[in-house]
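# Residue-level structural notes
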Amino acid sequence: HRHLLGIEGLHPHEILGLLDRAEEAVEVSRQISKRRLVLQGRTQINLFFENSTRTQSSFELAGKRLGADVMNMAVSQSSVKKGETLIDTAATLNAMHPDLLVVRHHAAGAVHLLARKVGCSVVNAGDGPHEHPTQALLDALTIRRHKGKIARLTVAICGDIAHSRVARSNIILLNALGARVRVVAPTTLLPSGIAKMGVEVFTSMKEGLEGADIVMMLRLQRERMNGAFIPSVREYYRYYGLDAEKLAYAKEDALVMHPGPMNRGVEIDASIADGAQSLIREQVEMGVAVRMAVLEALAANLPNN
Ligand code: CP
């Protein structure tokens, strides 16, 4: 592939290939002295139209670990603020001959549109509520390192499913690798047609978490709700916030995940986020290795290689 725009369309063996490559990159991702310079002489531009802590910084570190010249485009200080469109911005950057463009945008499909307009490889770092492929890959890598497999695990994805690109990419990936995927949310936060994605749907945390190997919590994405349905925090926490009582419904050795950013006391209790069953910090760590694997895989298909 020339681009990574989503998990959708990837064959299971391609997903497993990226996970194996990421596993190999874990040690290198921790130690700059061991870096592999497959992107030496290459230019990577990170173009983030939405805020990010984890994704942008780990793509920057991943590119640098591989020897790329990495530029972070400061969108808030750019001519986007003067009304320049996504396509004109991309065409402007394209004229500087980058090899890789890592893009986050608030509109679903924006990254696909952009990929058709530029000459370089494009990586989707999150497009609206549509996909966040590298998040799903780093989640799968984290799960596999702890459970040794993905197939036949029961994974409960809980919370704001309707607005979550993380949920979508994870559902597609986990199904492709043979996991049993559940979603748990109030009906107002379930997208229409969710059952067609091959998941079991629950509105009760008790029923949805029963027997789960992995409990994946999601943030309430108020910025995508347009004032439509914004539940009260207290009520939401009471019924859907992951605390010790609700986590006890899952398997005894269940592991807790969250893509971040977390809202403690809204979708997850602080004691669970920081507790022995939490993989949240490891997810962040795996982010660098997974992004190295993705950039490395795309590097093999860059022109003049
Ligand atoms: N999980 C995630 O995408 O985090 P950021 O928004 O901080 O990049």
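Everything in this summary refers to the structure shown in the same document. (Residues numbered from 1 in each chain as written. Predicted model: local features only at pLDDT ≥ 70, side-chain atom pairs only at ≥ 80, totals over all residues. Heavy atoms only, no water.)

## With respect to the sheet that holds strand 9 (residues 255–257)
Strands in a sheet are paired, the pairing made by backbone hydrogen bonds, and the direction either parallel or antiparallel. Here we have 5 strands laid out as an open sheet, ordered 7-6-5-8-9, and parallel in their pairing. Of all the strands in the sheet, just strand 7 (200–202) and strand 9 have a single pairing partner and so form its edges. Each strand axis lies, on average, 20° off the axis of its neighbour in the sheet, ignoring direction. The pairing of strand 5 (residues 154–158) with strand 8 (residues 214–217) spans 4 bridges and is classified as parallel. (Pairing = 2+ DSSP bridges. Helix = DSSP H or I, 4+ residues; strand = E, 2+ residues; numbered from the N terminus. Axes fitted to C-alpha atoms, helices over the stretch in contact; angles between N-to-C directions.)

## Examining the layout of surface pockets
Of the volumes computed, that of the largest pocket is approximately 500 Å³. Forming the walls of the largest pocket are 29 residues, and the residues nearest its centre are Arg-104, Arg-165, Arg-219, Gly-260 and Pro-261. Secondary-structure elements contributing two or more residues to the lining of the largest pocket are helix 2 (54–65), helix 5 (133–147), helix 6 (165–176) and helix 11 (280–299). Per element, the largest residue contribution to the lining of the largest pocket is 6 residues, and it comes from helix 11. In terms of residue class, the lining of the largest pocket is built from 7 nonpolar, 13 polar and 9 charged. Approximately 240 Å³ is the volume found for the second largest pocket. (1 Å grid on protein atoms, 1.4 Å probe; cavity = no way out; pocket = protein on both sides within 12 Å on 5 of 7 lines; lining within 4 Å. Points joined across faces, edges and corners; volume = space filled by probe spheres on them. Nonpolar A, V, L, I, M, F, W, Y, C, P; charged D, E, K, R; others polar.)

## Focus on the site of the ligand
As a matter of local geometry, the ligand sits amid Asn-51, Ser-52, Thr-53, Arg-54, Thr-55, Arg-104, His-132, Gln-135, Pro-259 and Gly-260. Contact between the ligand and Gln-135: a nitrogen atom at 3.0 Å from a side-chain N or O atom of the residue. In the model, a nitrogen atom of the ligand is placed 2.8 Å from a nitrogen or oxygen of the Pro-259 main chain. Residues of the shell around the ligand, tallied by class, amount to 1 nonpolar, 7 polar and 2 charged. (Near = heavy atom within 4 Å. Polar contact = N/O pair within 3.5 Å; in protein donor to acceptor, adjacent residues only side chain to side chain.)

## A word on the pattern of salt bridges
Per the counting criterion, the structure on display carries 17 salt bridges. Linking Arg-144 and Asp-20 is a salt bridge whose minimum nitrogen-to-oxygen distance equals 3.0 Å. Of this pair, Arg-144 sits in helix 5 while Asp-20 sits in helix 1 (residues 12–30); the two residues are 124 residues apart in sequence, bridging distant segments of the chain. On the basis of relative accessible area, Arg-144 is assigned to the buried category, the value being 18%. Overall, Asp-20 belongs to the partly exposed group, its relative accessible area being 40%. A salt bridge links Arg-30 to Glu-285; its shortest N-O distance comes to 2.6 Å. Of this pair, Arg-30 sits in helix 1 while Glu-285 sits in helix 11, and the two are 255 residues apart along the sequence. The class for Arg-30 is partly exposed, based on a relative accessible area of 41%. Look at Glu-285 and you get partly exposed, because its relative accessible area is 32%. Connected through salt bridges with shared partners, the residues Glu-23, Arg-145 and Glu-282 form a single ionic network. (Salt bridge = Lys/Arg side-chain N within 4 Å of Asp/Glu carboxyl O. Buried < 20%, exposed > 50% of the residue type's maximum accessible area, 1.4 Å probe, protein only.)

## Thoughts on the nonpolar core
Of all hydrophobic cores here, the largest spans 87 residues; its most connected members are Leu-137, Ile-157, Ile-161, Leu-209, Val-215 and Leu-242. In terms of residues, this core owes the most to one element, helix 11, which gives 11 residues. Beyond its immediate sequence surroundings of up to four residues, Ile-161 is in contact with Ala-167, Val-183, Ala-185, Leu-189, Leu-190, Pro-191, Ile-194 and Leu-218. In terms of nonpolar packing, the next biggest core, distinct from the first, is built from 17 residues, Ile-45, Leu-47, Val-103 and Ala-115 among them. (Core = buried A, V, L, I, M, F, W, Y, C linked by side-chain atoms within 4.5 Å. Contact = heavy atoms within 4.5 Å.)

## Side note on the pairing of strand 3 (residues 100–105)
Of all the 6 residues making up strand 3, 6 are buried; the element is thus mostly covered by neighbouring parts of the structure. Of the two faces of strand 3, the one holding Leu-100, Val-102 and Arg-104 and the one holding Leu-101, Val-103 and His-105 are both buried throughout. With 5 bridges joining them, strand 1 (residues 43–48) and strand 3 adopt parallel strand pairing. Within strand 3, the residue paired with Phe-48 across the bridge is Arg-104. Of the strand pairs in this sheet, strand 3 and strand 4 (residues 121–127) are connected by 5 bridges, and their pairing is parallel. Within the sheet, the bridge partner assigned to His-105 lies in strand 4 and is Asp-127. Assessed by its sense of winding, the connection that carries the chain from strand 3 through helix 4 (residues 110–117) to strand 4 is right-handed. (Right-handed = clockwise from strand over helix to strand, strands pointing away.)

## Overview of the packing of aromatic side chains
What describes a pair of aromatic rings is the distance from one ring centre to the other and the angle between the planes of the rings. All chains considered together, the criterion is met by 1 aromatic pair. Across from the ring centre of Tyr-237, 5.9 Å away, lies the NZ or CZ of Lys-246, which sits over that ring. (Phe/Tyr/Trp six-rings, centres within 6.5 Å; stacked < 30°, edge-to-face > 60°. Lys NZ or Arg CZ within 6 Å of the ring centre and 35° of its normal.)

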